[in-house]
Amino acid sequence: MMIKDDLYEAVNGDWIKDAKIPDDKPATGGFNDLVDAIDKQMMDDFDAYADGKENSDDPRFNEMIKLYKVAKKFDFRKKVGPKALKRVLSSVKELQSYDDYQAQWRNWVMFGLPSPVNFDIDADMKNATVYALFVSSPSLILPDKSYYTPEKQQEHDQLLGLWTDMVATLMDKLGYDKNEAARIIQGAKDFDALLAPNVKSAEEAADYSKMYNPQTVAELTASTGQLDLAGVIKRLVGTTPEKVIVMEPDYFKALDGILKDHFDLFKDWATVNVIRDYASYLDDEMREINGRYNRALSGSKKPISQRKFAYYLARDVFSQVAGNYYGKKYFGPEAKADVHQMVERMVDVYKKRLAKNDWLSKATREKAILKLDKLGIQVGYPDEIPAVYDQLKIDEGESLIANLNQVSYVKNHEMFSRWNKPVDRMRWEMSAATVNAYYHPFKNIIVFPAAILQAPFYSLKQTSSQNYGGIGAVIAHEISHAFDNNGALFDEYGNLNNWWTDTDSAHFKQLAQKMIKEFNGLPYAGQKVNGKLTVSENIADGGGLSCALEAAKEEDDFSATEFFINWATIWRMKATEQYEQLLLSIDVHAPQKLRANVQAQNLADFYTAFGIQPGDKMYKAPEDRVNIW
């Protein structure tokens, strides 16, 4: 395969042919390979501490290792049986009415048990210096609202059938009578069907401008007479807030109809959710059964190993502790400072590009540059770990479920205690051991965990052009999120505040529409790309690649071929068809291959570098190329 025919296949074809997808994963590739290597490294370390071969003087780290040891006790849990889960289920069985649920609702939320309303604390989108209370809908059984439409009836029936069989098997193992189990499962599905028409799809949720719908507690409480929302909110945050941010107004308009005369269905739904939430923490057989539906969704052949299960659980509960350990041991302060400087250089390049921008007015350009001046940068690992991790205590004599319940309570108590307090803008939300990066529009910060800062993204052994085609493009991608169709709605402080002139805003929307059109309907994995769902990430990809290219060209050893080849390399992925199709429905990112190819096609330097001419498959006419930033 030649690059002029297909950049992605030419660069990655041989790798794709030979690559093997691990049985416990739905995909392998650039990001996934790094994850696998980090997992192995960290699991070896965890075992060394668990076996007493290594010692730490960090009490938070030692609590994490305790949880790892508790999670590895599969034989012990099999011997004890499902007692811990049955204790939780008995509290569900005792519910006779919404009044009974109301009395326990606050505790259920604190312990992470099923709730018809999700409560969260985050920066107020119009006053980003203060934490606000957000409310939204619970999750559906199927991956997205679109699976409940007539167009996806076949997938709906197939997936719901798999889910039903899995839950029936779990309930059989828990000693439920088959007829009773079938009745409860049907009730749960019926309640889920009441939720589905009223929640947001992934495409709808991708539009942040529709997320901010403040209501008074009285207005929100008027949504339903079945439950007292004001009462539970007061118990969660300790008082009655002046406002609550309603993320899904249509759901709350429908809430009374969903709940009214459907208590039995709600109870069945709660029962099944409790079983699903806890079954994997019992013996290994229950863990295998409880993962069947998700494995069918993704195409994974086997569950992860017991060791990896225990590691993932401990790592996720103590995410900032694990990340801090990984960052300091395997990344270090020198690399942290080096990459921080690289981010600052990319920000400077972006500022220069904005200053020369020919379609923004002077007023909007100046506000955009101000936004970059105020941009918070987090690289490598956090300087401080949030105090909540000092409160997480693991009792090795208790069950895994009891420990996780206690952890949930402590974490949720700390989260709700943040309400109406000043936002800690630089608080890390992603572990430094995560192969990813993000931009937070409410805080105007970009975050680059240590785990992604290695080859093929970044290495001192790579040329500058390779590094710019890798981590440089990722850094500029995250900066571009400050100016995508969502990020552009927020000012330099993270407030939802229109800082654009009407003319600039209209022009930007036209450009965004061109990006939607460029991707919409592209065939992939037997289905088609949703350009509207993926527009934010596509705008960020385009801006990131273009900006990184400009920075790379300033280096003495610039090579356009090395730049574009490494850009294609970082996106390589081999995945099951089921996983690819799932991502097309729910992922705000376009498929990896299209991210690599389409964005390269938008840049003139790509054509020059590889001598691409009209008639070549990778050729795109200049008038069809989309360049926003």
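Please refer to the structure higher up on the page.
Residues numbered from 1 in each chain as written. Predicted model: local features only at pLDDT ≥ 70, side-chain atom pairs only at ≥ 80, totals over all residues. Heavy atoms only, no water.

### Re the sheet that holds strand β3 (residues 127–136)
In step 1: Ordered by their spatial adjacency, four strands build an open sheet running β2-β3-β5-β4, and the pairing between neighbours is mixed. Each end of this open sheet is capped by a strand with a single partner; those strands are β2 (118–124) and β4 (214–215).
In step 2: Against the sheet, helix α11 (residues 229–237) contacts β2, β3 and β5 (244–246), and its axis sits at roughly 60° relative to β2. (Pairing = 2+ DSSP bridges. Helix = DSSP H or I, 4+ residues; strand = E, 2+ residues; numbered from the N terminus. Contact = heavy atoms within 4.5 Å. Axes fitted to C-alpha atoms, helices over the stretch in contact; angles between N-to-C directions.)

### Section: the packing of helix α2 (residues 30–50) against helix α17 (residues 319–330)
In step 1: Direction vectors running N to C along α2 and α17 enclose 105°, while the axes themselves pass 12 Å from each other. With respect to their mutual orientation, α2 and α17 come out roughly perpendicular. When α2 is examined against α17, the residues I38, Q41, M42, D45 and Y49 are found in contact with a partner set consisting of A322, Y325, Y326, K329 and Y330.
In step 2: Broken down by class, the residue content of the contact of α2 with α17 amounts to seven nonpolar, one polar and two charged. (Parallel < 35°, antiparallel > 145°, perpendicular 65-115°, else oblique. Nonpolar A, V, L, I, M, F, W, Y, C, P; charged D, E, K, R; others polar.)

### A few points about helix α25 (residues 577–586)
In step 1: Within α25, burial applies to E580, L582, L583, L584 and S585.
In step 2: Close packing links the buried residues of α25 with α9 (202–205), α15 (292–298), β9 (523–524), β10 (527–528) and β11 (573–575). (Buried < 20%, exposed > 50% of the residue type's maximum accessible area, 1.4 Å probe, protein only.)

### Let's talk about the nonpolar core
In step 1: F119, W163, F416, F606 and W629 are the most contacted members of the largest nonpolar core, which has 220 residues in total.
In step 2: The leading source of residues in this core is helix α13 (residues 263–278), at nine residues.
In step 3: Residue contacts for W629: discarding those within four places in its chain leaves Y350, R353, L354, N357, W359, L360, F483, W500, F508, I539, G543 and S546. (Core = buried A, V, L, I, M, F, W, Y, C linked by side-chain atoms within 4.5 Å.)

### Some words on the sheet that holds strand β6 (residues 376–380)
In step 1: In spatial order, the strands read β6-β8-β7; together these three strands make up an open sheet with mixed pairing. Each edge of the open sheet carries a strand with a single partner, namely β6 and β7 (438–440). Along the sheet, successive strands turn relative to each other by an average axial angle of 15°, direction set aside.
In step 2: Strand direction decides the pairing type here: β6 and strand β8 (residues 445–449), joined by five bridges, are parallel. Paired with V379 across the two strands is F448, which belongs to β8.
In step 3: Contacts between helix α18 (residues 332–356) and the sheet are confined to β6 and β8, with β6 contributing the most and set at about 145° to the helix.

### Comments concerning the side chain of D541
In step 1: Within the secondary structure, D541 is located in helix α23 (residues 535–553).
In step 2: There is a polar contact of 2.7 Å between the side chain of D541 and the side chain of R595.
In step 3: Setting aside residues up to four positions removed in sequence, D541 forms contacts with H477, W567, W571, R595 and Q599. (Polar contact = N/O pair within 3.5 Å; in protein donor to acceptor, adjacent residues only side chain to side chain.)

### Some thoughts on a negative patch on the surface
In step 1: There is a patch of like negative charges on the surface, built from E554, E555, D556 and D557.
In step 2: Summarising the element assignment, D556 is placed in the loop between α23 and α24 (560–570). (Patch = residues over 30% accessible without salt bridge, like charges linked within 9 Å, V, L, I, M, F, W, Y side chains within 5 Å. Areas by Shrake-Rupley, 256 points an atom, 1.4 Å probe, with all protein chains shown as cover. Salt bridge = Lys/Arg side-chain N within 4 Å of Asp/Glu carboxyl O. Lys, Arg positive; Asp, Glu negative; His and termini not counted. Charge placed at Lys NZ, Arg CZ, Asp CG, Glu CD.)

### A look at the environment of L372
In step 1: Considering the arrangement of structural elements, one finds L372 in helix α19 (residues 362–373).
In step 2: Residues L372 and V347, spaced 25 residues apart in sequence, show a C-alpha to C-alpha distance of 6.8 Å.

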